[in-house]
Amino acid sequence: MKNKKFLPIVILVGVVALLGILLAVLTLHGEAETDTTLPLCDLAVDDIDALSYAGNNVEVSLLKGSDGWLLADDPSLPLDQTKVQSLVEDYANLKAQRKLEGNDLAELPAKSDTPQMTITLGAGEQTVDLTVDQLNSVADVYYVYDESGAAYTVRRSDLATLSKSPRDLYKAQTLTDKMIDNTTDDVAAMQVNDLTFTCTDGIWTLADDPDYALTQSSVKKMAGTILEMQTAWTITAPDADSAYGLDAPDVTATLSFTDGTSLTVRFGTASASDDSLCYLASSDAPTLVYEVNADHKSAFAVTKESLHDDTATAETAADTDVVAQYPVGGENDYADSLPD
């Protein structure tokens, strides 16, 4: 009987203990979610119209105009507006773990003559200037100073991805807005070096030898390469053609379209900055030089003999269905791809 009398008390004690544990967990959870970081920029993201940063071998100055963001020293370079806006937001939302004061400030090492990075954000007449100084490798934080000289600590990981180069912000370009359609092609003819092709109802033939059995996939691959490839970079103020091997190009190709227009491209030498790229000139942008994937040239490493379709006859070649999609470019560079 005595045990039964004490049972409700035991249950009540257990419930109280459980509630205490839950309260402690909720309190700790709430403390863990409390944001104790300090914003370093008091400008509204939508108001920011200028961003510049220098350091880590990168120096970039961005301005926001009526048509979007542009590079101050190269305003005609096409930029990916989404990438730039995301970068601006990352800078605007940069936060410090804490502000250094008292003994922490007194123990701070002297400012370096060569800071890791300088940052300026602008919104009209308002600016925010930040200097990223020395790294505390133990705490994995940088010491960052604002324009008033106040010092903060900022996690290295928060700064690691902010030094974007212009190439990181570049928007790839296509050479034309005309794309091959599987049923109605926009291309009427194509000339590749000394070979001239015509296209009728999706079937390619040699202009000077229409009965010659062509490997349709190889010819269509050349046309598709011109139409589909994207640029990796744009040189907006190029030197003479000879600086890029465009005075004696490896490949000269011209597409003639059904609307009477045409597009000529010339492939030059490998890029001086990256040999996986090569220079290219387009008749639609005569004042520019592009860099494109060098593998694209291999699609044009052909001769009349290498294009012969050994499996086709004159009768069956005209009936071949060539609506399949073919990839752009190839694995080898142009010189290595030339037939023996």
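Residues numbered from 1 in each chain as written. Predicted model: local features only at pLDDT ≥ 70, side-chain atom pairs only at ≥ 80, totals over all residues. Heavy atoms only, no water.

A.B. asks: So what exactly am I meant to see when it comes to the overall build of the protein here?
C.D. replies: In terms of regular secondary structure, the protein is built from seven helices and 18 strands. Residues counted as buried form 36% of the 340 residues belonging to the protein. Contacts in the protein between residues at least 24 apart in sequence constitute 61% of all its contacts with a sequence separation of at least 6. (Helix = DSSP H or I, 4+ residues; strand = E, 2+ residues; numbered from the N terminus. Buried < 20%, exposed > 50% of the residue type's maximum accessible area, 1.4 Å probe, protein only. Contact = heavy atoms within 4.5 Å.)

A.B. asks: How should the sheet that holds strand β2 (residues 50-55) be read in this particular structure?
C.D. replies: Strand-to-strand pairing in sheets goes through backbone hydrogen bonds, with the strands running parallel or antiparallel. Strand order in the open sheet formed by eight strands is β4-β3-β2-β7-β8-β9-β10-β6, with antiparallel pairing between adjacent strands. The open sheet has two edge strands with one neighbour each: β4 (68-71) and β6 (98-99). As defined by bridge partners, strand β3 (residues 58-65) adjoins β4 across four bridges and the pair is classed as antiparallel. Its bridge partner being in β4, Gly65 is matched across the sheet by Gly68. (Pairing = 2+ DSSP bridges.)

A.B. asks: Mind showing me how you'd approach the sheet that holds strand β13 (residues 203-206) here?
C.D. replies: Sheet architecture is open: eight strands sit in the order β13-β12-β11-β15-β16-β17-β18-β14, paired in antiparallel fashion. Strands at the two margins of the open sheet, each flanked by one partner only, are β13 and β14 (233-235). Pairs of neighbouring strands in the sheet enclose a mean axial angle of 25°, with direction left out of account. Strand direction decides the pairing type here: strand β11 (residues 187-192) and strand β12 (residues 195-200), joined by four bridges, are antiparallel. Across the sheet, residue Val192 finds its bridge partner in β12, namely Leu195. (Axes fitted to C-alpha atoms, helices over the stretch in contact; angles between N-to-C directions.)

A.B. asks: Honestly, unusual backbone geometry in this entry has me stumped. Any pointers?
C.D. replies: In most cases, non-glycine residues show a negative phi, while peptide bonds are predominantly trans. At Asn56, a position not held by glycine, the phi torsion is positive, near 55°. By the secondary structure assignment, Asn56 is in the loop between β2 and β3. In the Ramachandran plot, Asp140 falls in the positive-phi region, its phi being about 60° despite a non-glycine side chain. Within the secondary structure, Asp140 sits in the loop between β8 (126-136) and β9 (141-146).

A.B. asks: Sorry, what's going on with a negative patch on the surface here?
C.D. replies: Together, Asp46, Asp47, Glu89 and Asp90 make up a region of like negative charge exposed at the surface. Mapping Glu89 onto the fold places it in helix α2 (residues 81-92). (Patch = residues over 30% accessible without salt bridge, like charges linked within 9 Å, V, L, I, M, F, W, Y side chains within 5 Å. Areas by Shrake-Rupley, 256 points an atom, 1.4 Å probe, with all protein chains shown as cover. Salt bridge = Lys/Arg side-chain N within 4 Å of Asp/Glu carboxyl O. Lys, Arg positive; Asp, Glu negative; His and termini not counted. Charge placed at Lys NZ, Arg CZ, Asp CG, Glu CD.)

A.B. asks: Explanation requested: the environment of Asp42 in the structure shown.
C.D. replies: Checked against the element boundaries, Asp42 lands in the loop between β1 (38-39) and β2. Residue Asp42 is classed as exposed on the basis of its relative accessible area of 68%. Expressed as a C-alpha distance, the spacing of Asp42 and Val128, which sit 86 residues apart in the sequence, is 7.9 Å.

A.B. asks: Just checking my understanding: could you explain the nonpolar core for this structure?
C.D. replies: Among soluble globular proteins, nonpolar side chains are generally buried collectively. Core analysis: the biggest nonpolar cluster contains 43 residues, and Leu51, Tyr53, Leu62, Tyr91, Ile119 and Leu121 have the highest contact counts within it. Residue contributions to this core peak at five residues, all from α2. Setting aside its immediate chain neighbours within four residues, Leu121 contacts Cys41, Leu43, Ile48, Ala50, Leu51, Tyr91, Ala92, Gln126, Thr127 and Val128. (Core = buried A, V, L, I, M, F, W, Y, C linked by side-chain atoms within 4.5 Å.)

A.B. asks: Just to check I follow, could you spell out the pairing of strand β10 (residues 151-155) for this structure?
C.D. replies: Side chains on a regular strand alternate between the two faces of the sheet. Burial runs high along β10: four of the five residues are buried. The pairing of β6 with β10 spans two bridges and is classified as antiparallel. Counterpart to Lys99 in the pairing with β10 is Tyr152.

A.B. asks: Help me out: how do you make sense of the pattern of salt bridges in this one?
C.D. replies: Opposite charge on two side chains permits them to pair, given that their charged atoms come into close proximity. Summed over the entire model, instances satisfying the criterion amount to seven salt bridges. With a closest N to O distance of 2.7 Å, Arg156 and Asp140 form a salt bridge. Placement of Arg156 in helix α4 (residues 156-159) and of Asp140 in the loop between β8 and β9 is noted, with a sequence separation of 16 residues between them. In this structure Asp140 comes out as partly exposed when scored by relative accessible area, which is 30%. Note that Asp209 and Lys304 form a salt bridge whose closest N and O atoms lie 3.2 Å from each other. Here Lys304 lies in the loop between β18 (289-293) and α6 (314-317) and Asp209 lies in the loop between β13 and α5 (216-228), a separation of 95 residues in the sequence.

A.B. asks: Please clarify how α2 should be interpreted in this entry.
C.D. replies: Since the α-helix packs 3.6 residues into each turn, any two residues three or four apart lie on the same face. Along its twelve residues, α2 runs 16 Å from first to last C-alpha, staying within 8% of the 16 Å computed at 1.5 Å per residue. Tucked into the core, α2 has its buried residues touching β2, β3, β4 and β7 (117-123). If you check the start of α2, you find a side-chain oxygen 3.0 Å away from the backbone N of Thr82, and it comes from Asp80. (Expected span 1.5 Å × (residues − 1). Polar contact = N/O pair within 3.5 Å; in protein donor to acceptor, adjacent residues only side chain to side chain.)

A.B. asks: I would appreciate a short explanation of the packing of aromatic side chains in the present structure.
C.D. replies: The relation between two aromatic rings is expressed through the spacing of the ring centres and the mutual angle of the planes. Counting across every chain of the model gives four aromatic pairs. Between Tyr53 and Tyr91 the ring centres are 5.2 Å apart and the planes differ by 25°, which places this aromatic pair in the stacked class. Pair noted here: Tyr53 is in strand β2 and Tyr91 is in helix α2, with a separation of 38 residues, a long-range link. The class for Tyr53 is buried, based on a relative accessible area of 2%. Classification of Tyr91 as buried rests on a relative accessible area of 1%. Geometrically, the ring pair formed by Tyr170 and Trp233 is tilted, given 5.4 Å between the ring centres and 45° between the ring planes. Pair noted here: Tyr170 is in the loop between α4 and β11 and Trp233 is in strand β14, with a separation of 63 residues, a long-range link. Against the face of Tyr145 rests Lys111, its NZ or CZ located 4.5 Å from the ring centre. Here Lys304 stacks its cationic end above the ring of Tyr212, 5.0 Å away from the centre of that ring. (Phe/Tyr/Trp six-rings, centres within 6.5 Å; stacked < 30°, edge-to-face > 60°. Lys NZ or Arg CZ within 6 Å of the ring centre and 35° of its normal.)

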